[in-house]
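# Chain and residue survey
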Amino acid sequence: DGFHYDDRVLDQIGWRQRKGAPETFDVTGYEALLRRLKAADADVAIPVFDRSIEISRAAAAIVPKAAKFIVTEGNYLLLDEEPWRGLAPLFDLTVYLDVPREELERRLVQRWLDHGRSPEAGRAWVDSNDLPNVDRVLTHRRIADLVLDNGGSRAA
């Protein structure tokens, strides 16, 4: 989430109501960070999304040059659309968490309740924003190297 566009940027480009959609991330910046991490020639400062203020804080953590494994996660890392598709060569292993759509919907509604939204506002956001994003990933994703399903695993 460290590559979310700031709300002010989203307001300027007219995407605030779709915050969290694939178009609301700085994919090019994320790709540049992945390339720096893969080069492993220096410690790398990384952004961290601060949920308490809904802002990405630049250089909020450091990945040391000596790191042997780097795990990155995100809803769109397997999205088979440009520019997300261009990230594929930067991953040594990809994993997909296979969760039934109904369970994703339940978790999303609960997430917004936990963040203080009313049941009506949370449900509206899930219906108008989150579920279209879920459906997009479910129908337009690349095959992962490994799929984790209900705590088990199988090769994809």
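Quick look at the structure, then. (Residues numbered from 1 in each chain as written. Predicted model: local features only at pLDDT ≥ 70, side-chain atom pairs only at ≥ 80, totals over all residues. Heavy atoms only, no water.)

## Examining the overall build of the chain
As a reminder of what qualifies: What counts as a helix is a DSSP run of H or I of at least four residues, what counts as a strand is a run of E of at least two, and both are numbered from the N terminus. Radius of gyration here uses only the C-alpha atoms, and the compact-globule reference equals 2.2 Å multiplied by the residue count raised to the power 0.38. Burial here depends on accessible area, computed with a 1.4 Å probe over protein chains only, as a share of the maximum for the residue type. Under 20% is buried, over 50% is exposed, and the range in between is partly exposed. Two residues qualify as a contact provided that any one of their heavy atoms is within 4.5 Å of a heavy atom in the partner residue.
The helix and strand tally for the chain stands at four helices and five strands. For the chain, the sequential pattern of α-helices and β-strands runs α-α-β-β-β-α-α-β-β. The globule rule puts the C-alpha radius of gyration for 156 residues at 15 Å, and the 17 Å found for the chain is close to it. When the backbone C-alpha atoms are referred to their principal axes, the chain occupies close to 50 × 40 × 25 Å. The buried share of the chain, reckoned over its 156 residues, is 31%. For the chain, long-range pairs separated by at least 24 residues make up 54% of all intrachain contacts whose partners lie at least 6 apart in sequence.

## Describing the packing of helix H3 (residues 101-114) against helix H4 (residues 119-139)
Selection rule: Angles run from 0 to 180 degrees between N-to-C directions of axes, and those axes are lines fitted to C-alpha atoms, restricted for helices to the stretch in contact. The cut-offs work like this: below 35 degrees is roughly parallel, past 145 is roughly antiparallel, 65 to 115 is roughly perpendicular, and the gaps in between are oblique. The crossing is said to be left-handed when, going from far helix to near helix, the turn is anticlockwise and less than a right angle, and right-handed when the turn is clockwise.
Relative orientation of the contacting elements H3 and H4 amounts to 140 degrees, with a least axis distance of 9 Å. Taken together, the axes of H3 and H4 are oblique relative to one another. For the crossing formed where H3 meets H4, the hand is right-handed. Residues Arg101, Leu104, Glu105, Leu108, Val109, Trp112 and Leu113 of H3 touch H4, and the partners they reach there are Pro119, Gly122, Arg123, Trp125, Val126, Asp130, Leu131, Val134, Asp135 and Leu138.

## Focus: the side chain of Asn129
Operational definition: We define a polar contact as two N or O atoms separated by no more than 3.5 Å, with the added condition that, inside protein, one atom must be a possible hydrogen donor and the other a possible acceptor, whereas residues neighbouring each other in sequence contribute only through side-chain atom pairs.
As for its placement among the helices and strands, Asn129 is situated in helix H4. Polar side-chain contacts of Asn129 include one of 2.8 Å to the backbone oxygen of Lys19.

## Digging into the environment of Val134
Note on placement: Val134 falls in helix H4. Leave out the neighbours within four places in its chain, and Val134 touches Arg101, Leu104 and Leu108.

## Let's talk about the pairing of strand S1 (residues 44-50)
For clarity, the cut-off: Criterion used throughout: strands pair if DSSP finds at least two bridges between them.
Bridge count between S1 and strand S2 (residues 55-63): six bridges; the pairing is antiparallel. What sits directly across from Val44, in S2, is Val63. Hairpin connection between S1 and S2: a loop of four residues separates the two successive antiparallel strands, and Glu54 in this loop has a positive phi of roughly 55 degrees.

## Considering the environment of Ala66
For Ala66, the location among the structural elements is in the loop between S2 and strand S3 (95-98). Linking Ala66 and Ala32, residues 34 residues apart in sequence, is a C-alpha distance of 19 Å.

## A closer look at the pattern of salt bridges
Applied cut-off: Put simply, a salt bridge is a Lys or Arg side-chain nitrogen that is within 4 Å of an Asp or Glu carboxyl oxygen.
Summed over all chains, the structure comprises 20 salt bridges. Residue Arg85 is joined to Glu82 by a salt bridge in which the shortest nitrogen-to-oxygen separation is 3.3 Å. The exposure class of Arg85 is partly exposed, given its relative accessible area of 34%. Between Glu105 and Arg101 there is a salt bridge, and its shortest N-O distance comes to 3.6 Å. One end of the pair is Glu105 and the other is Arg101, both in helix H3 and four residues apart, which spans about a single turn. Members of the salt-bridge network, linked through shared partners, are Asp1, Asp7, Asp11, Arg16, Lys19, Arg51 and Glu54.

## What about the packing of aromatic side chains?
What counts, and what does not: Pairing of aromatic rings covers Phe, Tyr and Trp, the last counted by its six-membered ring, and requires centre-to-centre distances within 6.5 Å; plane angles under 30 degrees mean stacked, over 60 mean edge-to-face, and any other angle means tilted.
By the definition in use, this model includes five aromatic pairs. Taking 6.1 Å as the distance between ring centres and 75 degrees as the angle between the ring planes, the aromatic pair formed by Phe25 and Trp84 counts as edge-to-face. On the criterion of sequence distance, the pair formed by Phe25 in the loop between helix H1 (7-13) and helix H2 (27-39) and Trp84 in the loop between S2 and S3 is long-range, its members being 59 residues apart. Classification of Phe25 by relative accessible area gives buried; the value is 12%.

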